[in-house]
Amino acid sequence: VVKCKKEKILLRSESNVGQIETLTSLTPLNEATGLLDIYGFEIFESNSLEQLCINYANEKIQQLYVSHFMKDLQKEYEIERIEWSNINYTDNQHCLDTLEGTHSIFGLLNEEVYLNRKCNIKILTERILDIGGNKQAPVIKKPSKFSSDPSFVVQHYAGEVRYSVDQLVNKNK
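Presented here is a report on the structure given in the accompanying data block. What you see is a predicted model; the values in this text were computed from it and never measured.

1. As for the overall build of the protein chain
So, point 1. Each helix and strand counted, the protein chain has 5 helices and 5 strands in total.
So, point 2. If you list the helices and strands of the protein chain from N to C, you get β-β-α-α-α-α-β-β-β-α.
So, point 3. In the protein chain, buried positions account for 29% of the 173 residues.
So, point 4. A separation threshold of at least 6 residues defines the contact pool for the protein chain, and within that pool the share at least 24 residues apart is 46%.

2. A closer look at the pattern of salt bridges
Between side chains of opposite charge, pairing is possible as soon as their charged atoms come close.
So, point 1. With the rule as written, the count across this model stands at 7 salt bridges.
So, point 2. Residue Glu50 is joined to Lys171 by a salt bridge in which the shortest nitrogen-to-oxygen separation is 3.2 Å. One end of the pair, Glu50, is in helix H1 (residues 49–79); the other, Lys171, is in helix H5 (residues 168–172), and 121 residues separate them in sequence.
So, point 3. Here Lys171 falls in the partly exposed class, since its relative accessible area comes to 37%.
So, point 4. Where Lys60 meets Glu100, a salt bridge forms, and the shortest distance between an N and an O atom there is 3.3 Å. Highlighted residues: Lys60 in helix H1 and Glu100 in the loop between helix H2 (93–99) and helix H3 (105–115), separated in sequence by 40 residues.
So, point 5. Take Glu100: its relative accessible area is 22%, and that puts it in the partly exposed class.
So, point 6. Here the salt bridges share partners, and the residues they tie into one network are Glu111, Glu112, Arg117 and Arg127.

3. A look at H3
So, point 1. For H3, the full list of buried residues reads Ile105, Phe106, Gly107, Leu108, Leu109 and Glu112.
So, point 2. Looking at the buried positions of H3, the neighbouring elements they touch are H1, H2, helix H4 (121–131), strand E3 (140–141), strand E4 (151–156) and H5.
So, point 3. Its side-chain oxygen 3.0 Å from the backbone nitrogen of Gly107, Ser104 forms the N-cap of H3.
So, point 4. Once H3 ends, the next one or two residues include Asn116, with phi positive near 50°.

4. Considering the environment of Gln63
So, point 1. Positionally, Gln63 belongs in helix H1.
So, point 2. As a C-alpha pair, Gln63 and Leu96 span 33 residues in sequence and 8.5 Å in three-dimensional space.
So, point 3. Residue contacts for Gln63: discarding those within four places in its chain leaves Lys71, Asp91, Asn92, Gln93 and Leu96.

5. What about the pairing of E4?
So, point 1. Of all 6 residues that make up E4, 5 are buried, and the element is covered over most of its length.
So, point 2. For E3 and E4, the ladder comprises 2 bridges, and the chain directions are antiparallel. Across the sheet, Ile140 pairs through a bridge with Val154, a residue of E4.
So, point 3. With 6 bridges joining them, E4 and strand E5 (residues 159–164) adopt antiparallel strand pairing. The partner of Val154 across the bridge, within E5, is Val161.
So, point 4. Where E4 folds back onto E5 in an antiparallel hairpin, the turn is made up of 2 residues.

6. Let's talk about H4
So, point 1. Of the residues making up H4, those classed as buried are Leu124, Thr125, Ile128 and Ile131. The arc enclosing the buried residues of H4, seen along the axis, measures out at 115°, which places them on a common side. In H4, those exposed residues whose orientation departs by more than 90 degrees from the buried face are Lys122 and Asp130.
So, point 2. In the core, the buried residues of H4 are packed alongside H2, H3, E3, E4 and H5.
So, point 3. One side-chain oxygen at the N-terminal end of H4 lies 3.0 Å from the backbone nitrogen of Lys122; it belongs to Asn120.

The rules we used
- Residues numbered from 1 in each chain as written.
- Predicted model: local features only at pLDDT ≥ 70, side-chain atom pairs only at ≥ 80, totals over all residues.
- Heavy atoms only, no water.
- Helix = DSSP H or I, 4+ residues; strand = E, 2+ residues; numbered from the N terminus.
- Buried < 20%, exposed > 50% of the residue type's maximum accessible area, 1.4 Å probe, protein only.
- Contact = heavy atoms within 4.5 Å.
- Salt bridge = Lys/Arg side-chain N within 4 Å of Asp/Glu carboxyl O.
- Polar contact = N/O pair within 3.5 Å; in protein donor to acceptor, adjacent residues only side chain to side chain.
- Pairing = 2+ DSSP bridges.
- Arc of directions from axis to C-beta.

Set out below in structure tokens:
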């Protein structure tokens, strides 16, 4: 539940899409309330760079929530000797490491842009699959269903998403 100063927010559903409608005029920034949808993962039949970026942002938000709320709160309870029930949570840092950094999906895409050469989709797909991530729980996998479209699957904290490699480099320019 969010309490808002001078704002009433109506949540309604139209065609299964949540829309937020502000009923009053805008308030000064220091009196505004922001809403953030941390579960806005996009999983379509065909996913590309746009969905990868949105899902990456959600992975970052999830990690921020886990590290600054769950971990820190539980440490604080232990230090203050407050009784509490342990809350199990998934640390998705291994997924973020696979998505960002030098040896990562975004690293490979940026490298292809910097080299400014014709991209070989087959080789790029193999390089992405080679990243893999944690060997016990790989973040990147080959798709389980055959497709003529080169693709890879990322195991996000919210579930598996299959991304098409075609146009990733061009969209990243």
